[in-house]
Amino acid sequence: MNHPPQTPSFLAAVRRIESLTQEIRRDGLASFEKVEAAYTEVQELRAVLNARISELRRRSA
């Protein structure tokens, strides 16, 4: 049975983005597939954070 992945907390997502950004900077093009996967994860996390921020803005409007 597949369970949907748990959405990380806002702070956990920001910390993961920081970690992935450091990996991307460190590895550069030397490990393109790894960097590409890290960048994809960053994009997904940013989308989650943007959705949460939008929801908070709607609630406070």
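Higher on the page you've got the structure.
One structure accompanies this document, and this report is about it. (Residues numbered from 1 in each chain as written. Predicted model: local features only at pLDDT ≥ 70, side-chain atom pairs only at ≥ 80, totals over all residues. Heavy atoms only, no water.)

Describing the overall build of the protein
Next, step 1: Within the protein one finds two helices and zero strands.
Next, step 2: Since a compact globule built from 61 residues should have a radius of gyration of about 10 Å, the 14 Å found for the protein marks it as more spread out than a globular shape.
Next, step 3: Put simply, the protein has 61 residues, and 16% of those count as buried.
Next, step 4: Excluding contacts between residues fewer than 6 apart, the proportion of contacts in the protein whose partners are at least 24 apart in sequence is 60%.
Next, step 5: For the protein, the computed accessible surface area is about 5,200 Å², with 54% contributed by carbon and sulfur atoms. (Helix = DSSP H or I, 4+ residues; strand = E, 2+ residues; numbered from the N terminus. Rg over C-alpha atoms; globule rule 2.2 N^0.38 Å. Buried < 20%, exposed > 50% of the residue type's maximum accessible area, 1.4 Å probe, protein only. Contact = heavy atoms within 4.5 Å. Areas by Shrake-Rupley, 256 points an atom, 1.4 Å probe, with all protein chains shown as cover.)

Notes on the environment of I24
Next, step 1: Structurally, the position occupied by I24 is in helix α1 (residues 10–27).
Next, step 2: Apart from the residues lying within four places of it in its own chain, the contact partners of I24 are V35, A38 and Y39.

A short note on the pattern of salt bridges
Next, step 1: In this structure the tally under the stated criterion is three salt bridges.
Next, step 2: The partner of R16 in a salt bridge is E41, with the nearest N and O atoms 3.0 Å apart. Residue R16 is found in helix α1, and its partner E41 is found in helix α2 (residues 32–60); the two are separated by 25 residues along the sequence.
Next, step 3: Linking E55 and R59 is a salt bridge whose minimum nitrogen-to-oxygen distance equals 3.1 Å. (Salt bridge = Lys/Arg side-chain N within 4 Å of Asp/Glu carboxyl O.)

With respect to the nonpolar core
Next, step 1: By size, the foremost hydrophobic cluster in this structure holds seven residues: A13, I17, L20, A38, V42, L45 and L49.
Next, step 2: Those elements giving two or more residues to this core turn out to be α1 and α2.
Next, step 3: Not counting the four nearest positions on each side in its chain, L45 is found in contact with P8, A13, R16, I17 and L20. (Core = buried A, V, L, I, M, F, W, Y, C linked by side-chain atoms within 4.5 Å.)

Examining the environment of Y39
Next, step 1: Position of Y39 among the secondary structure elements: in helix α2.
Next, step 2: Residues Y39 and I24, spaced 15 residues apart in sequence, show a C-alpha to C-alpha distance of 7.5 Å.

Let's talk about α2
Next, step 1: A rise of 1.5 Å per residue sets the reference length of α2, with its 29 residues, at 42 Å; its end C-alpha atoms lie 42 Å apart and thus fit the reference within 8%.
Next, step 2: Those residues of α2 not exposed but buried are V35, A38, V42, L45 and L49.
Next, step 3: Looking at the buried positions of α2, the neighbouring elements they touch are α1. (Expected span 1.5 Å × (residues − 1).)

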